[in-house]
Amino acid sequence: MSHTPGVRQAQKQKTRQALLDAALGLLEEQSLSSLGLREVTRAVGVAPTAFYRHFRSTADLGVALVEEALGSLHPMIRTTMSPAEDDDERIARAVELIAGHVAAHPAHVRFIARERHGGVQPVRRAIREQLARFAEEVQAELATDASAAGWSDADLRMLAGLYVDQMLITASLFLETLDAPEEERRRALETARRQLRLISVGRTHWLD
């Protein structure tokens, strides 16, 4: 009874995750468009034919990596934009959450930064769709704020897009300074706060 459906499913999931992890490691040094499935299966120690039990192609694997990298971030986005005593508190919370995520998942952040404008169209589309969902969630949070009174849906959508784009810029900034001296990391944190503060000031006076 060692090969029950539950055991087989667990083994299948373990191999799938191993393929994802191996691909992510290989993508530290190259783009997805240049990644070969044989490289991935060799790194895991399985036959190339085993790849197709889990993914249709390296593009399909890339889409799965997008879901792994971004799909779990929706609660963090909502936390970032949830009500705070003032904008400075919200900004400080956002910067802290982004910095923590980059430190914990640098390979995922690097993958998204590279492939957002990369050569694999299904992956670009998957990233774009995830970012659009983030913008919708941010817009929904912004609409509940008293300061949103009088804002049109189009303007709230534009503001939400600005916040999402800035979060990506902030993540890339932190990625570049992960191994930098402490003073450089502090400057990066301050720059991130100031950039978000600039958006916040513009938001405050948009209807003037």
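Everything below is about the structure shown above.
Caption draft 1: Representation of the layout of surface pockets. There is about 360 Å³ of room inside the largest pocket. Together, 22 residues line the largest pocket, and L70, I112, M167, L168 and A171 are the ones closest to its centre. When residues of the lining of the largest pocket are assigned to their parent elements, the largest contribution, seven residues, is made by helix α9 (residues 153–176). Looking at the lining of the largest pocket, its residues break down into 17 nonpolar, three polar and two charged.

Caption draft 2: Region of the structure containing helix α1 (residues 5–26). Helix length check: α1, at 22 residues, gives a terminal C-alpha distance of 31 Å against a target of 32 Å (1.5 Å per residue), a fit within 8%. Within α1, burial applies to T15, L19, L20, A22, A23 and L24. Buried residues along α1 sit against α2 (37–44), α3 (48–51), α4 (58–70) and α7 (106–115).

Caption draft 3: Empty space enclosed by the protein, seen in detail. The final tally for this structure, using the stated rule, is one cavity of 30 Å³ or more. A volume near 90 Å³ is recorded for the largest cavity. Considering the residues around the largest cavity, the lining is formed by T80, M81, D87, R90, I91, A94, Y163, M167, L196, S200 and R203. Among the elements of the structure, α5 (74–81), α6 (87–104), α9 and α10 (182–205) are those that each provide at least two residues to the lining of the largest cavity. Among the elements that line the lining of the largest cavity, the one with the most residues is α6, at four residues.

Caption draft 4: Expanded view of the packing of α9 against α10. Where α9 contacts α10, the two axes come as close as 10 Å, and the packing angle between them is 170 degrees. One finds that α9 runs roughly antiparallel with respect to α10. Contact residues: α9 offers L159, L162, Y163, Q166, I169, T170, L173 and F174, while α10 offers A188, L189, T191, A192, Q195, L196, I199, S200 and R203. Taken together, the residues of the contact of α9 with α10 break down into 11 nonpolar, five polar and one charged.

Caption draft 5: Fine view of a nonpolar patch on the surface. On the surface, M158, L162, W206 and L207 cluster together into a nonpolar patch covering about 400 Å² of accessible area. By relative accessible area, W206 is classed as partly exposed at 43%.

Caption draft 6: Layout of the nonpolar core. With 56 residues, the main nonpolar core has L65, V66, L70, F111, V138, L142 and Y163 as its most contacted residues. Each residue touching L142, except ones within four places of it in the same chain, is listed here: M81, A148, L156, L159, A160, Y163 and R203.

Caption draft 7: Expanded view of the environment of A64. As for its position among the elements, A64 is in helix α4. Sequence separation of A64 and A126 is 62 residues, and the distance between their C-alpha atoms is 9.1 Å. What A64 contacts, discounting residues up to four positions off in sequence, is R16, L20 and F55.

Caption draft 8: Representation of the packing of helix α8 (residues 121–143) against α9. Where α8 contacts α9, the axes come no closer than 8 Å and their chain directions differ by 120 degrees. What the angle tells us is that α8 and α9 run oblique. For α8 against α9, the interelement crossing comes out right-handed. Residue-level inspection shows L131, F134, A135, V138, Q139, L142 and A143 of α8 in contact with α9, the latter providing D153, L156, R157, L159, A160, Y163, V164 and L168. Classifying every residue of the contact of α8 with α9 by side-chain character gives 12 nonpolar, one polar and two charged.

Caption draft 9: Focus on the pattern of salt bridges. Taken as a whole and judged by the stated rule, the model has 11 salt bridges. As a salt-bridge pair, E182 and R185 come within 2.4 Å of each other at their nearest N and O atoms. Of the two residues, E182 and R185 both sit in helix α10, three residues apart, roughly one turn of that helix. A salt bridge links E183 to R186; the nearest nitrogen and oxygen atoms lie 2.5 Å apart. You can see E183 and its partner R186 sitting in helix α10, three residues apart, about one turn around the helix. Exposure remark for R186: the relative accessible area of 43% places this residue in the partly exposed category. When salt bridges that share partners are traced, they join E182, E183, R185, R186 and R187 into one network.

Basis of the calculations
Residues numbered from 1 in each chain as written. Predicted model: local features only at pLDDT ≥ 70, side-chain atom pairs only at ≥ 80, totals over all residues. Heavy atoms only, no water. 1 Å grid on protein atoms, 1.4 Å probe; cavity = no way out; pocket = protein on both sides within 12 Å on 5 of 7 lines; lining within 4 Å. Points joined across faces, edges and corners; volume = space filled by probe spheres on them. Helix = DSSP H or I, 4+ residues; strand = E, 2+ residues; numbered from the N terminus. Nonpolar A, V, L, I, M, F, W, Y, C, P; charged D, E, K, R; others polar. Expected span 1.5 Å × (residues − 1). Buried < 20%, exposed > 50% of the residue type's maximum accessible area, 1.4 Å probe, protein only. Contact = heavy atoms within 4.5 Å. Axes fitted to C-alpha atoms, helices over the stretch in contact; angles between N-to-C directions. Parallel < 35°, antiparallel > 145°, perpendicular 65-115°, else oblique. Patch = residues over 30% accessible without salt bridge, like charges linked within 9 Å, V, L, I, M, F, W, Y side chains within 5 Å. Areas by Shrake-Rupley, 256 points an atom, 1.4 Å probe, with all protein chains shown as cover. Salt bridge = Lys/Arg side-chain N within 4 Å of Asp/Glu carboxyl O. Core = buried A, V, L, I, M, F, W, Y, C linked by side-chain atoms within 4.5 Å. Left-handed = near helix turned anticlockwise from the far one by under 90°.

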